[in-house]
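Residues per chain are reported as follows:
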Amino acid sequence: MKKYRCTVCGYVYDPALGDPDHGIEPGTPFSALPEDWTCPLCGAGKDQFEEA
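Given the structure is predicted, the values throughout are model-derived calculations rather than measurements.

Some points on the overall build of the protein
- When helices and strands are counted, the protein shows 0 helices and 3 strands.
- Put simply, the protein runs from its N terminus to its C terminus through helices and strands in the order β-β-β.
- The dimensions of the protein, computed from C-alpha atoms along their principal axes, are 25 × 20 × 15 Å.
- Going through the 52 residues of the protein one by one, you find that 31% of them count as buried.
- Residue pairs in contact within the protein that sit at least 24 positions apart in sequence constitute 43% of those at least 6 positions apart.
- Carbon and sulfur atoms make up 49% of the accessible area of the protein, which totals about 3,300 Å².
- Here the protein contributes 4 positively and 9 negatively charged side chains, and the mean placements of these two sets differ by 8 Å.

Regarding the side chain of Asp19
- Here Asp19 lies in the loop between strand S2 (12–13) and strand S3 (49–51).
- Comment: no salt bridge for buried Asp19; closest opposite-charge side chain is Lys46, at 12 Å.

Here we look at the packing of aromatic side chains
- Tallied over the entire structure, the rule returns 7 aromatic pairs.
- The interplanar angle of 40° and the centroid separation of 5.4 Å between the aromatic rings of Phe30 and Phe49 together place this pair among those described as tilted. Remark: Phe49 occurs in strand S3 and Phe30 occurs in the loop between S2 and S3; sequence separation between them is 19 residues. Taken as a pair, Phe30 and Phe49 share a single burial class, namely buried.
- Here the aromatic cluster, defined as three or more aromatic residues joined through ring pairs, consists of Tyr4, Tyr11, Tyr13, Phe30, Trp37 and Phe49.
- Taking the ring centre of Phe30 as reference, the NZ or CZ of Lys46 above it sits at 5.3 Å.

So, how was this worked out
- Each chain has its residues counted from 1, following the order in which its sequence is written.
- Where local features are concerned, this predicted model is filtered to residues with pLDDT of at least 70; where side-chain atom pairs are given and counted, the filter is 80 or more; whole-chain, interface and lining totals use all residues.
- Hydrogens and water are ignored here; the side-chain numbers use all heavy atoms of the structure.
- Only DSSP runs of H or I with at least four residues qualify as helices, and only runs of E with at least two residues qualify as strands; both kinds are numbered from the N terminus onward.
- Throughout this description, buried means an accessible area under 20% of the type-specific maximum (1.4 Å probe, protein chains only), exposed means over 50%, and partly exposed covers the range between.
- Only heavy atoms matter for contacts: two residues are in contact if any of them lie within 4.5 Å across the pair.
- Per-residue and other accessible areas were derived by the Shrake-Rupley procedure at a 1.4 Å probe size, with only the shown protein chains allowed to occlude residues.
- Only four residue types enter the charge count: Lys and Arg as positive, Asp and Glu as negative, with His and the chain ends excluded.
- By convention, the point assigned to a charge is CZ for Arg, NZ for Lys, CD for Glu and CG for Asp.
- A pairing counts as a salt bridge when a side-chain nitrogen of Lys or Arg comes within 4 Å of a carboxyl oxygen of Asp or Glu.
- The pairing test for Phe, Tyr and Trp rings, Trp by its six-membered ring, is centres within 6.5 Å, and the orientation test on the planes gives stacked under 30 degrees, edge-to-face over 60, and tilted for anything in between.
- Think of it as a cone above the ring: NZ of Lys or CZ of Arg counts as a charge over the ring if it is within 6 Å of the ring centre and within 35 degrees of the ring normal.

Next up, the structure:
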């Protein structure tokens, strides 16, 4: 699965790790994240991410 980087702060979403602090289980691809998911570091929306 592909990683995605926040263009605002540089946070990298790694599907293998998920975002357990925000209820996203490991193994969740970026495309399956809820539309209202935001960057855990800066709060940017999914539209601010690009393939890493």
